[in-house]
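Chain and residue survey
The residues making up each chain are set out below.
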Amino acid sequence: MEELSKQWEDVCHLSVSKQSLLEAALCQAEQFHSSVQAFLGRLMETERKLKSGFIPEEEEALLALKQQHQEHVTSLECERQALDCVVSLGDEILVSCNPESVNTIRTWISTVQQRWQEVMSWVSLQGDRVEAALLSLASERQEMEQLRDWVLAAAESLTLRDQEPLPDEIVQIEELISLHGVRILLSESNAQVCVLCQCPEDSFL
């Protein structure tokens, strides 16, 4: 009878221990599930913002988009820690989970890693597009400045020529007529050049 009682106590102890292990495993599984869903939800929201955006043409809007891009990068760097926690928890579950659940856990781990890479690729792509647009604007600005300098130099040269007395030689007179035509051309395009270069129209007069 005493032996039977001892065996019963052992069974009860094992039952309680088993119950504790099952409850801990259940808690761990629920934590893994909620962590995965929350992580994927945040990635989806970030990806939605990236895909719905467009690259503006104005410099001010581009700089604002660049700042927003930096915020996305910072946010995703924080999410990297969340990814590591999810993967670590999944690996911990794999050590002791039911063999039938192994493929499911591994699939979820692979899914969060793959989604992370996809969103990071979108962030990198947007960063490249913003930088390319800013470089294009800088190049256009440089070209406009070169055009403005050339027009100013040409206008100044023609003004000086106008102050010189008319020559007697026919060839020289023909050259002046040609230069006068250039001045007329510059005058006609003056307004357009001023708009592009953002300078007053009387700069070329």
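Since the model is a prediction, treat every value here as computed from it, not as a measurement.

Rules behind the numbers
Residues numbered from 1 in each chain as written. Predicted model: local features only at pLDDT ≥ 70, side-chain atom pairs only at ≥ 80, totals over all residues. Heavy atoms only, no water. Helix = DSSP H or I, 4+ residues; strand = E, 2+ residues; numbered from the N terminus. Buried < 20%, exposed > 50% of the residue type's maximum accessible area, 1.4 Å probe, protein only. Contact = heavy atoms within 4.5 Å. Areas by Shrake-Rupley, 256 points an atom, 1.4 Å probe, with all protein chains shown as cover. Core = buried A, V, L, I, M, F, W, Y, C linked by side-chain atoms within 4.5 Å. Polar contact = N/O pair within 3.5 Å; in protein donor to acceptor, adjacent residues only side chain to side chain. pLDDT = per-residue confidence, 0-100. Patch = residues over 30% accessible without salt bridge, like charges linked within 9 Å, V, L, I, M, F, W, Y side chains within 5 Å. Salt bridge = Lys/Arg side-chain N within 4 Å of Asp/Glu carboxyl O. Lys, Arg positive; Asp, Glu negative; His and termini not counted. Charge placed at Lys NZ, Arg CZ, Asp CG, Glu CD.

Digging into the overall build of the chain
Of regular secondary structure, the chain possesses five helices and zero strands. From first element to last, N terminus to C terminus, the chain shows the α and β order α-α-α-α-α. In the chain, buried positions account for 23% of the 205 residues. Residue pairs at least 24 apart in sequence account for 74% of intrachain contacts in the chain once pairs closer than 6 positions are excluded. Accessible area for the chain stands at about 14800 Å²; split by element, carbon and sulfur atoms hold 55% of it.

Considerations on the nonpolar core
Core analysis: the largest hydrophobic core is formed by 18 residues, its most contacted members being F32, F39 and V112. Only α1 (2-52), α2 (59-96) and α3 (102-162) provide two or more residues apiece to this core. In this structure, F32 is in contact with V86, L89, G90, I93, I105, W108 and I109, ignoring residues within four places of it in sequence. Counting six residues, the second largest nonpolar core, distinct from the first, contains L62, L65, L134 and L137.

Things to note about the side chain of E79
Topologically, E79 is positioned in helix α2. Reaching out from E79, the side chain makes a polar contact with the side chain of R42 at a distance of 2.6 Å.

Thoughts on the environment of R80
On the secondary structure map, R80 appears in helix α2. Sequence spacing of R80 and W116 is 36 residues, and the spatial spacing of their C-alpha atoms is 8.3 Å. The residues touching R80, leaving out its near neighbours within four places in the chain, are W116 and M120.

Here we look at the confidence of the model for the chain
In the predicted model, the chain carries a mean pLDDT of 75, and 65% of its residues have values of at least 70. Averaged over each element, pLDDT in the chain is lowest for helix α5 (residues 190-197) (53) and highest for α2 (86). Note on residues 200-205: pLDDT under 50 across the span, and 15 contacts to partners over four residues away in sequence or across chains.

Topic: a negative patch on the surface
On the surface, E57, E58, E60, E140 and E143 cluster together to form a negatively charged patch. Position of E60 among the secondary structure elements: in helix α2. You can call E60 exposed: its relative accessible area is 70%.

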